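Close look at the chain arrangement
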Amino acid sequence: MALDPGQKCPMVLLAGNSHPELSQLIAQRIGIRLGDMNVYHKTNRETNVEIKESVRGKDVYIIQTGTKDVNNDIMELLIISYACKTSAAHNIIGVIPYLPYSKQSKMRKRGSVVSKVMATMLGQSGLTHIITMDLHQKEIQGFFDIPVENLRASPFLIDYVERLIPDYRNAIIVARNPNSVKRATSYAERLRLGIAVIHGEEKYDDEDKEDDGRNSPPPPSRVEYKKIEILPAIHFAKGKPRAKALLPKEKPPLNVVGDVGGRIAIIVDDMIDDVNAFVKVAEVLKDRGAYKVYAMATHGLLSSDAPRLIEDSCIDEVVVTNTVPHEIQKMQCHKIKTVDISIMLTEAIRRIQNNESMSYLFRNIGLDD
């Protein structure tokens with residue numbers, strides 16, 4: 001018997017082991033209990049999933065985010081999704097606040113575009129729809145053959161600035177590097193603040209790794225330039241000078257483009273993982289006269305000894321959302337503050353379940369955000 005187009009399928013909410021607190025918040029806001037399911041590791045470290053209730057003909061929402069144990073998180077999600085697929089679930093929607101491997105979205109040397117592999121695996125496992133938040137590159141959506149809702153956390157972070165940063169009208173939005181200018185501009189326009197950009201020799205993320213010679217001359221350590229002589233396309237007359245070899249590019253010293261003197265500096269980015277770059281930027285901002293420095297981002301991965309580095313740095317406050325669990329880091333560093341975004345994920349789930357438009361969730365969101 002065919003399903004009546006106007007009839008809604010029952011909803012089931014399943015949660016992996018990555019972020020139990022966020023799963024409980026979403027379940028409470030929706031007003032349903034989490035589905036009965038066991039996800040555990042066998043003695044040989046293989047992941048085992050047991051769904052203890054029927055999902056046949058139902059819309060299943062699987063809540064799983066990326067954490068430090070990223071590979072286990074991925075395998076849990078894939079196995080749960082496939083278990084629902086083979087149990088004849090009607091729709092399988094992955095709620096993945098932080099999509100793992102989203103930083104590896106470009107070819108580097110002889111590597112691979114790992115986020116494309118992730119997209120293929122998630123689609124093949126049975127997922128029919130994905131809800132995520134602040135992808136590292138928005139173009140990652142094109143890797144998927146299924147719909148992807150890329151939600152934004154900026155309204156929550158902007159609300160935090162307006163409510164909890166005293167004298168925020170005296171603030172300035174700081175782009176951590178030239179690649180973050182669009183995001184910083186989007187924040188600055190909505191807060192009606194100015195913008196500053198950090199520019200210079202410091203390398204901040206994986207997109208600034210040592211070049212392999214495809215886009216610029218290789219460094220001197222790899223080629224002896226005194227032996228290179230580049231001939232021009234046209235023969236010069238005898239005695240005319242030939243073209244000299246190009247030297248590798250050199251970046252200027254770390255600098256701030258914009259006036260931050262006597263201002264509150266708010267550094268914005270999509271994630272805070274290795275905090276060394278943020279600490280160095282904060283030191284430069286303090287040297288240029290900023291009297292307070294805030295760091296704001298959607299995903300607070302805070303890997304390695306990040307809490308200690310933040311605690312010992314001149315950063316006054318680090319504000320992140322709860323897309324990634326970081327309760328242990330908060331106990332180690334009092335400067336880390338959390339913004340709850342479960343209400344947006346809940347509303348996205350409700351709208352998908354009721355076949356409503358998602359455009360409401362993108363109101364006042366700029367294209368550059």
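Structural data are supplied above this passage.
This one's a predicted model, so the numbers in the text were calculated from it and none came from an experiment. (Residues numbered from 1 in each chain as written. Predicted model: local features only at pLDDT ≥ 70, side-chain atom pairs only at ≥ 80, totals over all residues. Heavy atoms only, no water.)

**Regarding the overall build of the protein chain**
- If you tally the helices and strands in the protein chain, you get nine helices and 14 strands.
- Accessible surface computed for the protein chain: about 19,200 Å², of which carbon and sulfur atoms make up 51%. (Helix = DSSP H or I, 4+ residues; strand = E, 2+ residues; numbered from the N terminus. Areas by Shrake-Rupley, 256 points an atom, 1.4 Å probe, with all protein chains shown as cover.)

**Quick look at the pairing of strand β2 (residues 37–41)**
- Inspection of the sheet shows β2 paired to strand β3 (residues 47–51) by five bridges, in the antiparallel sense. From the neighbouring strand, M37 faces β3, where its bridge partner is I51.
- Where β2 hands over to β3, the hairpin turn is made up of five residues, of which R45 adopts a positive phi near 75 degrees. (Pairing = 2+ DSSP bridges.)

**Structural notes on the sheet that holds strand β6 (residues 129–133)**
- One open sheet accounts for five strands, arranged β1-β4-β5-β6-β7; its pairing is parallel. The open sheet terminates on both sides in strands that have one partner only, identified here as β1 (11–15) and β7 (148–151). The mean inter-strand angle of the sheet, taken between neighbouring strand axes irrespective of direction, is 15 degrees.
- Relative to strand β5 (residues 91–96), strand β4 (residues 59–63) runs parallel, the two sharing five bridges. Residue pairing in the sheet places D59 in a bridge with N91 of β5.
- Running over the sheet, helix α9 (residues 342–353) touches β1, β4, β5, β6 and β7 and is turned about 160 degrees from β6. (Axes fitted to C-alpha atoms, helices over the stretch in contact; angles between N-to-C directions. Contact = heavy atoms within 4.5 Å.)

**Quick look at helix α1 (residues 20–30)**
- Those residues of α1 that fall on the buried side of the exposure criterion are L22, S23, I26 and A27. End-on view of α1: buried residues confined to an arc of 135 degrees, all on one side of the axis. (Buried < 20%, exposed > 50% of the residue type's maximum accessible area, 1.4 Å probe, protein only. Arc of directions from axis to C-beta.)

**Description of the sheet that holds strand β12 (residues 292–300)**
- The seven strands lie next to each other as β10-β9-β8-β11-β12-β13-β14, forming an open sheet whose pairing is mixed. In the strand order of this sheet, the two ends are held by β10 (255–257) and β14 (336–339), each with one partner. This sheet shows a mean twist of 30 degrees between the axes of neighbouring strands, independent of strand direction.
- Pairing between strand β8 (residues 171–175) and strand β11 (residues 264–272): five bridges, direction parallel. Bridged to A175 within β11 is V268.
- Sitting on the sheet, helix α4 (residues 154–164) is in contact with β11, β12, β13 (317–321) and β14, with an inclination near 155 degrees to β12.
- Against the sheet, helix α5 (residues 181–191) contacts β8, β9 (194–199) and β11, and its axis sits at roughly 165 degrees relative to β8.

**Some details on empty space enclosed by the protein**
- Within the structure shown, the criterion is met by one cavity of 30 Å³ or more.
- Taken as a whole, the largest cavity spans an internal volume of roughly 60 Å³.
- Taken together, Q64, T65, G66, D73, I74, L77, I96, L99, P100, M118 and L122 form the lining of the largest cavity.
- Considering every element that reaches the lining of the largest cavity, the biggest residue donor is helix α2 (residues 70–86), with three residues.
- When grouped by side-chain class, the residues that make up the lining of the largest cavity number seven nonpolar, three polar and one charged. (1 Å grid on protein atoms, 1.4 Å probe; cavity = no way out; pocket = protein on both sides within 12 Å on 5 of 7 lines; lining within 4 Å. Points joined across faces, edges and corners; volume = space filled by probe spheres on them. Nonpolar A, V, L, I, M, F, W, Y, C, P; charged D, E, K, R; others polar.)

**Let's talk about the side chain of H19**
- Within the secondary structure layout, H19 lies in the loop between β1 and α1.
- Among the residues examined, H19 registers a relative accessible area of 5% and is labelled buried.
- Within the structure, H19 has its side chain in polar contact with the backbone oxygen of N322 (distance 2.9 Å).
- Excluding its chain neighbours within four sequence positions, the residues that come into contact with H19 are T65, N322, T323, V324 and P325. (Polar contact = N/O pair within 3.5 Å; in protein donor to acceptor, adjacent residues only side chain to side chain.)

**Quick word on the packing of aromatic side chains**
- In the structure shown here, the tally under the stated rule is zero aromatic pairs.
- Sitting over the ring of F278, R176 keeps its end group 4.6 Å from the ring centre.
- The aromatic ring of Y187 is capped on one face by R190, whose charged end is 5.9 Å from the ring centroid. (Phe/Tyr/Trp six-rings, centres within 6.5 Å; stacked < 30°, edge-to-face > 60°. Lys NZ or Arg CZ within 6 Å of the ring centre and 35° of its normal.)

**Things to note about the pattern of salt bridges**
- Enumeration according to the criterion identifies twelve salt bridges in this entry.
- Salt-bridge contacts for R163 lead to D159; the nearest nitrogen and oxygen are separated by 2.7 Å. Placement of the pair is R163 and D159 together in helix α4, with a separation of four residues, close to one helical turn.
- The exposure class assigned to D159 is partly exposed, which follows from its relative accessible area of 31%. (Salt bridge = Lys/Arg side-chain N within 4 Å of Asp/Glu carboxyl O.)

**Quick notes on the environment of I352**
- Summarising the element assignment, I352 is placed in helix α9.
- Given the relative accessible area of 16%, I352 is considered buried.
- Taking C-alpha positions, I352 is 9.4 Å from H129, a pair spaced 223 residues apart along the chain.
- When near neighbours in sequence (up to four residues on either side) are disregarded, I352 contacts Y61, H129, I131, E149 and M358.

**So, the packing of α2 against helix α3 (residues 114–124)**
- Between α2 and α3, whose axes approach to 9 Å, the crossing angle comes to 30 degrees. Taken together, the axes of α2 and α3 are roughly parallel relative to one another. Contact with α2, carried on its side by I74, L77, L78 and K85, involves M118, M121, L122 and Q124 of α3 and no other residues of that element. (Parallel < 35°, antiparallel > 145°, perpendicular 65-115°, else oblique.)

**Observations regarding the pairing of β11**
- Counting buried residues along β11, nine of its nine residues qualify, which places the element largely inside the surrounding structure.
- Of the pairings in the sheet, the one linking β11 to β12 comprises eight bridges and is parallel in character. Its bridge partner lying in β12, I266 is registered against Y294.

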